[in-house]
Amino acid sequence: MDDDTLGACLGRLLKEQGKTIAFAESCSGGLASSLVTDVAGSSEYLLGSVVSYTNMAKEKLLHVQADTLEHFSAVSRETACEMAVGVRNLLGSDIGVSITGNAGPGASEGKPVGLVYIAVAMNDVVYCQEHHFMSTRTENKLRIAQTAISMAIDKLLEAKNTEDNN
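Counting of residues starts from 1 at the beginning of each chain's written sequence and follows it residue by residue. Residues qualify for local features only when their pLDDT is at least 70, as the model is predicted, and side-chain atom pairs are given and counted only at 80 or more; totals for whole chains, interfaces and linings, by contrast, use all residues. Side-chain numbers here rest on the full set of heavy atoms in the structure, without hydrogens or water.

A look at a nonpolar patch on the surface
Okay, so step 1: Together, Leu47, Leu61, Leu90 and Leu91 make up an exposed nonpolar region whose accessible area comes to about 300 Å².
Okay, so step 2: Leucine 91 gets classed as partly exposed once you look at its relative accessible area, which sits at 30%. What makes a patch is a set of residues exposed beyond 30% relative accessible area and free of salt bridges, joined within 9 Å when like-charged and within 5 Å when nonpolar (Val, Leu, Ile, Met, Phe, Trp, Tyr). Accessible surface is estimated by sampling points in the Shrake-Rupley manner with a 1.4 Å probe; for residues, cover comes only from the protein chains shown. One speaks of a salt bridge when a side-chain nitrogen belonging to Lys or Arg is within 4 Å of a carboxyl oxygen belonging to Asp or Glu. Working definition: with a 1.4 Å probe on protein chains only, accessible area under 20% of the residue-type maximum means buried, over 50% means exposed, and in between means partly exposed.

Describing the pattern of salt bridges
Okay, so step 1: With the rule as written, the count across this model stands at two salt bridges.
Okay, so step 2: Among the ionic pairs, arginine 12 bridges to aspartate 4, the shortest N-O distance being 2.6 Å.
Okay, so step 3: For aspartate 4, a relative accessible area of 35% translates into the label partly exposed.
Okay, so step 4: As a salt-bridge pair, lysine 155 and glutamate 158 come within 3.3 Å of each other at their nearest N and O atoms.

Side note on unusual backbone geometry
Okay, so step 1: The backbone phi angle of asparagine 123 is positive, close to 50 degrees, even though this residue is not glycine.
Okay, so step 2: Runs of E in the DSSP output that reach at least two residues are strands. Runs of H or I that reach at least four are helices, and both are numbered from the N terminus. As for its position among the elements, asparagine 123 is in the loop between strand S4 (115–122) and strand S5 (125–132).
Okay, so step 3: Residue asparagine 123 is classed as partly exposed on the basis of its relative accessible area, which comes to 47%.
Okay, so step 4: We note that aspartate 124 has phi near 60 degrees; this positive angle belongs to a residue other than glycine.

Observations regarding the packing of aromatic side chains
Okay, so step 1: Pairing of aromatic rings covers Phe, Tyr and Trp, the last counted by its six-membered ring, and requires centre-to-centre distances within 6.5 Å; plane angles under 30 degrees mean stacked, over 60 mean edge-to-face, and any other angle means tilted. Counted according to the given criterion, the structure contains zero aromatic pairs.
Okay, so step 2: For a lysine, the NZ atom is tested; for an arginine, the CZ atom; a charge sits over a ring if that atom is within 6 Å of the ring centre and within 35 degrees of the ring normal. Here lysine 155 stacks its cationic end above the ring of tyrosine 127, 4.1 Å away from the centre of that ring.

Some words on helix H3 (residues 55–62)
Helical geometry note: an α-helix holds 3.6 residues per turn, so side chains three or four residues apart project in the same direction.
Okay, so step 1: By the burial criterion, the buried members of H3 are Ala57, Lys58 and Leu62. Summarising the axial view, the buried residues of H3 lie within an arc of 100 degrees, below the 170-degree limit, and thus occupy one face. Among the exposed residues of H3, those pointing more than 90 degrees away from its buried face are Met56 and Lys60.
Okay, so step 2: Contacts were defined at the residue level, with two residues in contact if any of their heavy atoms lie within 4.5 Å. At its buried positions, H3 is contacted by strand S1 (21–25), strand S2 (46–51), helix H4 (66–72), helix H5 (77–91) and strand S3 (95–101).
Okay, so step 3: Note on H3: the residue one or two positions beyond its end, histidine 63, has a positive phi of about 60 degrees. Within this analysis, the arc is defined by the directions that extend from the helix axis to the C-beta atoms.

Considerations on the packing of H3 against H5
Okay, so step 1: Running from amino to carboxyl end, H3 crosses H5 at an angle of 40 degrees, the nearest separation of the two axes being 9 Å. Overall, the two elements H3 and H5 adopt an arrangement that is oblique. Handedness of the H3/H5 crossing: left-handed. Of the residues in H5, those touching H3 at Lys58, Leu61 and Leu62 are Thr79, Glu82, Met83, Gly86, Val87 and Leu90.
Okay, so step 2: Classification used: nonpolar for Ala, Val, Leu, Ile, Met, Phe, Trp, Tyr, Cys and Pro, charged for Asp, Glu, Lys and Arg, polar for all others including Gly. Broken down by class, the residue content of the contact of H3 with H5 amounts to five nonpolar, two polar and two charged. Simply put, an axis is a line fit to the C-alpha atoms, just over the touching stretch for a helix, and the angle between two N-to-C directions goes from 0 to 180 degrees. Oblique is the label for any angle not covered by the other classes, which are roughly parallel (under 35 degrees), roughly antiparallel (over 145) and roughly perpendicular (65 to 115). Left-handed is the label given to a crossing in which the near helix is rotated counterclockwise from the far helix by less than a right angle, and right-handed is the label when the rotation is clockwise.

What follows is the structure, given as structure tokens:
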């Protein structure tokens, strides 16, 4: 999509499709949302963001089940999926994107450095991917945020292609 930033590409697709988005971020600390808001006019499609860095925030704000956190941990596919649905419901967006993982530098909850789950909830379906990032904490956070935006772009393009083919 040209030489635009990922945030600009995401924004253009959201505007074209008349959709809104919200983010639930843990290990990325709000960086994905920040990259989206680097684009002027992003308030047209970005409804908000929740930085749910602790399990308490995940439970209270995003309605991640305590059982999910206890049985699978915060760094899990299950938690990422519940976060994506939770932020979508909380803010009433068409799309919910979540990021949870371990950006480093040390292991957390027995999960290795660089293990991250990114989920996208849209059209009553939740897509989740496991990723492994192996750099410094700061570089990992940027790559994680960019990957989450890229995943949202991919899902929007897939949905558009499906609509075009029907």
